[in-house]
Amino acid sequence: MDTTQKIIIFCFLLQGVCCRDFNISLPEKIQALSGSCVVIKCRFEINETYDKDLTERAAGVWYKDTHDKSSSPVFNSSASTQNSFIKGNITGQLNYKDCTTVFYDVTSNHSGQYFFRIEGEGGLKWTFTKSNTSVVVIESPVNPQVVLYVNEQELQDQQEVLEGRSVSLRCSADDLCSSPPATLTWSSTARIPHSESSKLQELIISDLNFTAAQRHHRVTFTCSISYQLQDNNKTAHSSITLHVQYAPQILNSSCNIGNVNVCFCEVDGNPSPVVEWHLSGRLVSNSSNMFISEERLSNTSLRSFISLDQSLTQTSTLLCVSKNTHGNESLQLLPSSTRLSFSFMLIGVAVVLLVTLISVIIYLRKERGKLQQTKQEESAKGSGQNADKENEGDSLYATVSSVEDATANPDIHRQKSIIYSSIDFKNYKAESEEVESVSCLHADYAVVQRDSGGAAEAESLVREFSRSTEAQILL
């Protein structure tokens, strides 16, 4: 390319920049919900020769389905809106070439092609016929779109998620004009995590973030968009069902012990797991002395049965093994689930019996002690009653009165019962052999008072009694 061609191209571009002409920017298509509003975003350019005519007094005019100025406009910003085909307002500033317009209470009659015309002072009168916008009024809102993201990557045409992965469900919908604005909400059979709402260009967005788990398998998440209109509320829904893959788990197991042992193992996993039986570490299958069968419970779970002769499990261990592509799990059923359980039961019964036996022994000992104490008390009472009948020469008697009773009534000690004490002299051996006869021994009595007034006197009587008795013995 020579220098001359470059200059020509440069001048052409410079002319395009310096010489402005009439032009307008409009959205090609706009959807509006019947009963709500519609916003037409609009910007325009004019020939620079008319810049002085574009003032604050400029007016914006809209035509529907035609751009013939002889036809009646559907909206004119300079005229009263009461006579307009559609109620609205130009929210942009025309003197800054912003013709953004909002129409209210649209109905299906307002659907069509819309052309804009600018009318300023002087000679500025121009209809933009080369560009228009199509307004489509719908009776019901469009369903929102739900997309699944795993580890921030969008999944196409599948909803299979591995357990433990970070999951995000994004719900988005067109931000149609409404007052108040539309809202997005989530619902599900499972507990809903916290959602985050945002706005991106012409879309409203709600994200649901969580970690995939087994409980989310085959759970349906529904996103709803709601518009609050004057007459009624309008809603739309979209759903997605999540499929979570996870390692197998053994949910339940049991054994019925008899001549033929029957055990079962119930497992769950996604993909659906397979069940193997191992006897003493060896994989077993159907044979003459054992039988294996399965029962399908759901798409992800099954129950496996095994029947085998009792002789095979007396010295062997039986293991249930569940496997799929994400892992495996095993459980020993015999002997741990039968013999050990029976042993633990026997130990428990023995402990209960031992505690019961100890309790009975302690109770019997207490009762025996009470019985012996009762017999001693009865024996002591019997001895006291018989003592007053004995008048032999080897007895000594004393009368005792309580201090309190004596203090309260000085004569009460005379009325108190007598406590007898017996002293046996049969085995008494004197230092001297001069005792001629025991016929001289006779019974003496001493009265002992415990009150404060007669304590000294009582003690004196006791000493005299003792000396007299010793003297009689020595004679």
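So, here's what we can say about the structure. (Residues numbered from 1 in each chain as written. Predicted model: local features only at pLDDT ≥ 70, side-chain atom pairs only at ≥ 80, totals over all residues. Heavy atoms only, no water.)

1. Some details on the overall build of the protein
A tally of helices and strands in the protein yields five helices and 30 strands. The buried share among the 475 residues of the protein stands at 33%. Taking contacts inside the protein between residues at least 6 apart in sequence as the whole, the part at least 24 apart equals 62%. A total accessible area of about 29900 Å² is found for the protein, and carbon and sulfur atoms account for 50% of it. (Helix = DSSP H or I, 4+ residues; strand = E, 2+ residues; numbered from the N terminus. Buried < 20%, exposed > 50% of the residue type's maximum accessible area, 1.4 Å probe, protein only. Contact = heavy atoms within 4.5 Å. Areas by Shrake-Rupley, 256 points an atom, 1.4 Å probe, with all protein chains shown as cover.)

2. Notes on the side chain of S322
Residue position: S322 is located in strand β26 (residues 318-324). According to the relative accessible area criterion, S322 is buried, its value standing at 0%. Aside from chain neighbours lying at most four places away, what touches S322 is P248, I250, V267, P273, V274, G327, N328 and E329.

3. Brief notes about unusual backbone geometry
Cis geometry is found at the peptide bond from S179 to P180, where omega equals 0°. With respect to the helices and strands, the residue P180 is situated in the loop between β15 (166-174) and β16 (183-188). Looking along the chain, the bond that leaves N270 and enters P271 is cis, with omega of 5°. Along the chain, P271 falls in the loop between β21 (260-270) and β22 (274-279). Not every positive phi belongs to a glycine, and D105 is a case in point at roughly 50°.

4. Side note on the side chain of S34
If you trace the backbone, S34 turns up in the loop between β2 (29-33) and β3 (38-40). Excluding residues that lie within four positions of it along the chain, S34 makes contacts with V106, T107, V137, I138, E139, L229 and K234.

5. Quick look at the sheet that holds strand β12 (residues 145-150)
Across the sheet, five strands lie side by side as β13-β12-β15-β18-β17; this open sheet has antiparallel pairing. If you trace the sheet from one side to the other, it starts and ends with β13 (153-154) and β17 (195-200), each paired once. As defined by bridge partners, β12 adjoins β13 across two bridges and the pair is classed as antiparallel. Bridge pairing in β13 places V150 opposite Q153. (Pairing = 2+ DSSP bridges.)

6. With respect to the state of the cysteines
Within the structure shown, the criterion is met by five disulfides. Note on cysteine connectivity: C42 is disulfide-linked to C99, with sulfurs 1.6 Å apart. With the S-S dihedral at roughly -75°, the linkage between C42 and C99 falls on the left-handed side. In this pair, C42 is assigned in the loop between β3 and β4 (43-45) and C99 in the loop between β7 (88-90) and β8 (101-103), connecting sequence segments 57 residues apart. Overall, the relative accessible area of 0% leaves C99 in the buried class. A sulfur-sulfur distance of 2.1 Å marks the disulfide that ties C265 to C320. The S-S bond linking C265 to C320 shows a torsion near -90°; that makes this disulfide left-handed. Of this pair, C265 sits in strand β21 while C320 is found in strand β26, placing the two residues 55 residues apart along the sequence. The residues C265 and C320 share a single accessibility class, namely buried. Going through the protein in sequence order and numbering each bonded cysteine, the pairs you get are 1-5, 2-3, 4-6, 7-8, 9-10. (Disulfide = S-S within 2.5 Å.)

7. Let's talk about the environment of G35
When you line up the elements, G35 lands in the loop between β2 and β3. A relative accessible area of 34% means that G35 is categorised as partly exposed. G35 sits 73 residues away from S108 along the chain, and the two C-alpha atoms are 9.3 Å apart. Not counting chain neighbours up to four residues away, the residues in contact with G35 comprise D105, V106 and L229.

8. Re the nonpolar core
Burial of nonpolar side chains together is a common tendency in soluble globular proteins. Of all hydrophobic cores here, the largest spans 29 residues; its most connected members are L148, L169, W186, F221 and I225. Counting only elements with at least two residues in this core, the list comes to β12, β15, β16, β18 (203-211), β19 (219-228) and β20 (233-256). With five residues, the top contributor of residues to this core is β19. Apart from the residues within four sequence positions on either side, L169 is in contact with V147, L148, W186, S206, D207, L208, F210, F221 and I240. Judged by nonpolar contacts, the second largest core, of 28 residues, contains I46, F75, F103 and L124. (Core = buried A, V, L, I, M, F, W, Y, C linked by side-chain atoms within 4.5 Å.)

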